[in-house]
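# Remarks on the overall topology
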Amino acid sequence: MKLMLHVAPGIVRKPIVSSVILETKALINIERAKVDAVSGEIVVDVDPEKCGEVKAAFEEKGVKVVLLENPIIKDEDECIHCGACISICPTGTFHFEGSLVVADAGKCVQCGTCVAACPQRALKLVLK
Ligand code: SF4
Ligand code: SF4
């Protein structure tokens, strides 16, 4: 299960991910991270069985956590199956099945690249 972590100013310099790993003993894979001196946005992948515990541990440390259950939505009425998103996605979220482009949303790390690249504006990121 993927989680989006929003790390606020004031705690971004703390070793929060390491602390949560030690505390929960969960394997946490960092899939995308954009961190600077004042804030951070990190996507991690966590064993579904540990997800609730890990989420609570991050929240306890002041991190806002969003579950990425279905991170990318494709509007099937707008998609023309051109394949542009297949070429550009760094995680292999899209593939052809016959002549149709389908998404395996579980691979998406919400980098946003495909949203800008889609000529039909058929893709949107979901935050919830
Ligand atoms: S880039 Fe847009 S229109 Fe093209 S296959 Fe992907 S979602 Fe469909
Ligand atoms: S936002 Fe688009 S390009 Fe980025 S990982 Fe998700 S599906 Fe791939």
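Model, not experiment: these values are computed from the prediction.

Before going further, it helps to examine the domain arrangement of the chain. Parsing the chain into structural domains produces domain 1 (2–68) and domain 2 (72–125). Spacing between the C-alpha centres of domain 1 and domain 2 amounts to 26 Å.

The next subject is the site of ligand 1. Taken together, 14 residues form the shell around ligand 1, and within it Cys79, Cys82, Ala84, Cys85 and Cys118 come nearest. Taken together, the residues of the shell around ligand 1 sort by class into 10 nonpolar, three polar and one charged.

The next point concerns the sheet that holds strand S3 (residues 40–46). Pairing within the open sheet is antiparallel, and its four strands lie in the order S2-S3-S1-S4. With partners counted over all chains shown, the strands left at the sheet margins are strand S2 (28–35) and strand S4 (64–68), one partner each. Sheet twist, expressed as the mean angle between neighbouring strand axes with direction ignored, is 20°. Against the sheet, helix H2 (residues 51–60) touches strand S1 (2–7), S2, S3 and S4, its axis set at about 155° to S4.

Looking at where Ile28 falls in the secondary structure, it is placed in strand S2. Taking the number of C-beta atoms within 10 Å as the measure of exposure, Ile28 has 19 and is therefore partly exposed. Ile28 sits 67 residues away from His95 along the chain, and the two C-alpha atoms are 26 Å apart. Beyond its immediate chain neighbours, meaning those up to four positions away, Ile28 contacts Val17, Val20, Ile21, Val44, Val46 and Val54.

Turning to the site of ligand 2, a few remarks are in order. Residues in close proximity to ligand 2 include Ile72, Ile88, Cys89, Thr91, Thr93, Cys108, Val109, Gln110, Cys111, Gly112, Thr113 and Cys114, which together make up its full environment. Of the residues belonging to the shell around ligand 2, the class tally is seven nonpolar, five polar and no charged.

For H2, every residue scored as buried is listed here: Val54, Lys55, Ala57 and Phe58. The buried side chains of H2 occupy one side of the element, clustering within an arc of 165° when seen end-on. Set apart from the buried face of H2 by more than 90 degrees, the exposed residues are Gly52, Ala56, Glu59 and Glu60. On its buried face, H2 is in contact with S1, helix H1 (16–24), S2, S3 and S4. Gly62, located one to two residues past H2, shows a positive phi value of around 90°.

In terms of nonpolar packing, the biggest core is built from 25 residues, with Leu3, Leu5, Val43, Val44, Phe58, Cys85 and Leu123 touching the most fellow members. Contributing elements (two or more residues each) for this core: S1, S3 and H2. The two domains that each donate at least three residues to this core are domain 1 (2–68) and domain 2 (72–125).

Attention shifts here to the packing of H1 against H2. Between H1 and H2, whose axes approach to 10 Å, the crossing angle comes to 135°. Regarding the angle of H1 to H2, the classification is oblique. Helix-helix and strand crossings are classified by hand; for H1 and H2 the assignment is right-handed. Residue-level inspection shows Ile16, Val20, Glu23 and Thr24 of H1 in contact with H2, the latter providing Glu53, Val54, Ala57 and Phe58. Its residues assigned to classes, the contact of H1 with H2 shows five nonpolar, one polar and two charged.

Cut-offs applied
- Residues numbered from 1 in each chain as written.
- Chains lettered and ligands numbered in written order.
- Predicted model: local features only at pLDDT ≥ 70, side-chain atom pairs only at ≥ 80, totals over all residues.
- Domains from an automatic or database assignment.
- Near = placed C-beta within 6 Å.
- Nonpolar A, V, L, I, M, F, W, Y, C, P; charged D, E, K, R; others polar.
- Pairing = 2+ DSSP bridges.
- Helix = DSSP H or I, 4+ residues; strand = E, 2+ residues; numbered from the N terminus.
- Axes fitted to C-alpha atoms, helices over the stretch in contact; angles between N-to-C directions.
- Contact = placed C-beta atoms within 7 Å.
- Buried ≥ 20, exposed ≤ 12 C-beta atoms within 10 Å, placed from the backbone.
- Arc of directions from axis to C-beta.
- Core = buried A, V, L, I, M, F, W, Y, C linked by C-beta atoms within 7 Å.
- Parallel < 35°, antiparallel > 145°, perpendicular 65-115°, else oblique.
- Left-handed = near helix turned anticlockwise from the far one by under 90°.

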